[in-house]
Amino acid sequence: MAEGGTAGGVAGEHRVDRMTLWWLWGAMAALWSASAVFNLLGGRVVLGGINAVAAALAVSVVLTSRSERTVVGPDGIRVKRGYRWRTVRWDDVEQVAEPDRWTWDRTLRVTTTAGEDVRLDVPGALRAQFIEYGQAHGLRCAPPEAPHRDAG
């Protein structure tokens, strides 16, 4: 799941552990590399080149996804997706969505005042702490709701 921030709190750096993705793309990169070598040694330069490019792209996917992270601090939230860092100030957050059963990795997602959804690497279990921390630093969204229980 997610590696936590400082001392188990919400402030600090969060990363989602996606080992299955890294192993899968790493294995594909190894297979494409072996195929590239085999084809190049067999004189099939075009096919070998295609496999070498595919292997390089697979390595790029692994390195890019491995570097994704969310940093929560007093100034706001910094999110790295791909090669780009994005900063969302606390007063720009409109809503903090509660992850449901269909949410990938069960991490938090915020909606900005501009209507954009930003996926975070903060675990959904830290939602109440995340909102409290944000409110102490300028977040204006409503306090966290109590967990829903089915009457039955």
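Procedures and definitions
- Residues numbered from 1 in each chain as written.
- Predicted model: local features only at pLDDT ≥ 70, side-chain atom pairs only at ≥ 80, totals over all residues.
- Heavy atoms only, no water.
- Helix = DSSP H or I, 4+ residues; strand = E, 2+ residues; numbered from the N terminus.
- Buried < 20%, exposed > 50% of the residue type's maximum accessible area, 1.4 Å probe, protein only.
- Contact = heavy atoms within 4.5 Å.
- Areas by Shrake-Rupley, 256 points an atom, 1.4 Å probe, with all protein chains shown as cover.
- Salt bridge = Lys/Arg side-chain N within 4 Å of Asp/Glu carboxyl O.
- Pairing = 2+ DSSP bridges.
- Axes fitted to C-alpha atoms, helices over the stretch in contact; angles between N-to-C directions.
- Core = buried A, V, L, I, M, F, W, Y, C linked by side-chain atoms within 4.5 Å.
- Patch = residues over 30% accessible without salt bridge, like charges linked within 9 Å, V, L, I, M, F, W, Y side chains within 5 Å.
- Arc of directions from axis to C-beta.

A. Structural view of the overall build of the protein chain. Helix and strand content of the protein chain: three helices and eight strands. Here the protein chain holds 152 residues, and 36% of them are scored as buried. Within the protein chain, contacts between residues at least 6 apart in sequence are counted, and of these 43% link residues at least 24 apart. Of the roughly 9500 Å² of accessible surface on the protein chain, 59% is carried by carbon and sulfur atoms.

B. Inspection of the pattern of salt bridges at higher detail. Under the defined criterion, the tally for this structure stands at nine salt bridges. Residue Glu 13 is joined to Arg 69 by a salt bridge in which the shortest nitrogen-to-oxygen separation is 3.5 Å. Note that Glu 13 is positioned in strand E2 (residues 12-16) and Arg 69 in strand E3 (residues 69-73), a separation of 56 residues in sequence. Here Arg 89 ties to Asp 91 by a salt bridge, and the two come within 3.1 Å at their closest N and O atoms.

C. Expanded view of the sheet that holds strand E8 (residues 117-123). Taken together, three strands build an open sheet; the order of strands is E6-E7-E8 and the sheet is antiparallel. The sheet is open, and its two edges are formed by strand E6 (93-97) and E8, each paired on a single side. Averaged over neighbouring strand pairs, the angle between their axes works out to 30° when direction is ignored. Contacts from helix H3 (residues 127-136) reach E6, strand E7 (107-112) and E8, with the element oriented near 165° to E6.

D. Just the nonpolar core, in detail. One finds Val 96, Leu 120, Val 122 and Phe 130 to be the most contacted residues of the largest nonpolar core, which totals 19 residues. Elements represented by at least two residues in this core include exactly strand E4 (76-81), E6, E7, E8 and H3. Once residues lying within four places of it in the same chain are set aside, the contact partners of Val 96 are Leu 108, Arg 109, Val 110, Arg 127, Phe 130, Ile 131 and Cys 141.

E. Region of the structure containing a nonpolar patch on the surface. There is a patch of nonpolar side chains on the surface, built from Val 46, Leu 47 and Ile 50 and spanning about 300 Å² of accessible area. Relative to the helices and strands, Val 46 is located in helix H2 (residues 45-66).

F. Just the pairing of E4, in detail. Inspection of the sheet shows E3 paired to E4 by five bridges, in the antiparallel sense. Its bridge partner lying in E4, Gly 73 is registered against Gly 76. Counting the residues between successive antiparallel strands, the hairpin from E3 to E4 contains two residues. Pairing geometry for E4 and strand E5 (residues 84-89), over six bridges, is antiparallel. Looking at E5, one finds that Arg 81 is bridged to Arg 84.

G. Just H3, in detail. Those residues of H3 not exposed but buried are Arg 127, Phe 130, Ile 131, Tyr 133 and Gly 134. Down the axis of H3, the buried side of the element spans an arc of 165°, and every buried residue falls inside it. Away from its buried face by more than 90 degrees, H3 exposes Glu 132 and Ala 136. For H3, the secondary structure elements touched by its buried residues are E3, E4, E6, E7 and E8.

None of the figures reported here should be taken as evidence of function without further support.
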